[in-house]
Amino acid sequence: TELMPLQEDNPFLVITLEVAQQQGTVVVDDGDGNEVYRRSIGYTDCPEGAWKFYLTDNAMLLPSEY
């Protein structure tokens, strides 16, 4: 829910969750590579890797769904 207000200025957002050693970083950009948000996560049980999502029209999508 903390990402939804970002859509007021950016109708399309790319969200990347990078996970390593049970810690994560969420990076949000405007689709043109301009970072608009970043947050560190001290612990996650999400599998390691880079996970990408799109947020547009208040819906979060996988890249294959866009």
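What counts, and at which threshold
The numbers attached to residues start from 1 for each chain and follow its sequence in the written order. Local features are withheld for residues below a pLDDT of 70 in this predicted model, meaning they are given only at 70 or higher, and side-chain atom pairs are given and counted only at 80 or more; totals for whole chains, interfaces and linings count all residues. For side-chain calculations, the full set of non-hydrogen atoms in the structure is used, while hydrogens and water are omitted. Pairing of aromatic rings covers Phe, Tyr and the six-membered ring of Trp, with a centre-to-centre limit of 6.5 Å; geometry is then stacked below 30 degrees between planes, edge-to-face above 60, and tilted otherwise. Only runs of H or I of at least four residues qualify as helices and only runs of E of at least two qualify as strands under DSSP, and these elements are numbered from the N terminus. We call a residue buried when its accessible area falls under 20% of the maximum for its residue type, exposed when it is over 50%, and partly exposed in between, using a 1.4 Å probe and counting protein chains only. Residues enter a nonpolar core if they are buried and are Ala, Val, Leu, Ile, Met, Phe, Trp, Tyr or Cys, with the set joined through side-chain atoms within 4.5 Å. We call two residues contacting when some pair of their heavy atoms lies within 4.5 Å. Here a strand pair is declared whenever DSSP counts at least two bridges between the two strands.

K.L.:
Describe in detail the packing of aromatic side chains, supporting the description with residues and values.
P.N.:
Scanning the model with the defined rule gives three aromatic pairs in all. A centroid spacing of 5.2 Å and a plane angle of 50 degrees characterise the contact between F12 and Y54, whose relative ring orientation is tilted. Here F12, found in strand β1 (residues 12–20), pairs with Y54, found in strand β4 (residues 49–56); they are 42 residues apart in sequence, far enough to count as distant. Owing to a relative accessible area of 22%, F12 belongs among the partly exposed residues under this scheme. Aromatic pair F12 and Y66: ring centres 5.2 Å apart, planes at 50 degrees, arrangement tilted. Of the two residues, F12 sits in strand β1 while Y66 sits in the segment after β5 (59–61), which places them 54 residues apart along the sequence. Residue Y66 is classed as exposed on the basis of its relative accessible area of 60%. Counting every residue linked through ring pairs, the aromatic cluster contains F12, Y54 and Y66.

K.L.:
Got a sec to walk through the nonpolar core? Specific residues and values, please.
P.N.:
The biggest cluster of nonpolar side chains holds ten residues, and these are L3, L6, L13, I15, L17, V19, V26, V28, Y37 and L55. For this core, the elements supplying multiple residues, two or more each, are β1 and β2 (23–29). Looking at which element gives the most residues to this core, the answer is β1, with four residues. Setting aside residues up to four positions removed in sequence, V28 forms contacts with L3, L6, L13, V14, I15, N34, E35, V36 and Y37.

K.L.:
So, the pairing of β1: which residues are in play, and what are the values?
P.N.:
For β1 and β4, the ladder comprises eight bridges, and the chain directions are antiparallel. The partner of I15 across the bridge, within β4, is F53. Examined bridge by bridge, β1 and β2 share seven bridges and lie antiparallel to one another. Among the inter-strand pairings, V19 is bridged to a residue of β2, identified as G24. The loop that links β1 with its antiparallel partner β2 comprises two residues; one of these, Q21, has a positive phi angle of about 55 degrees.

Geometric values such as these leave the question of function open.
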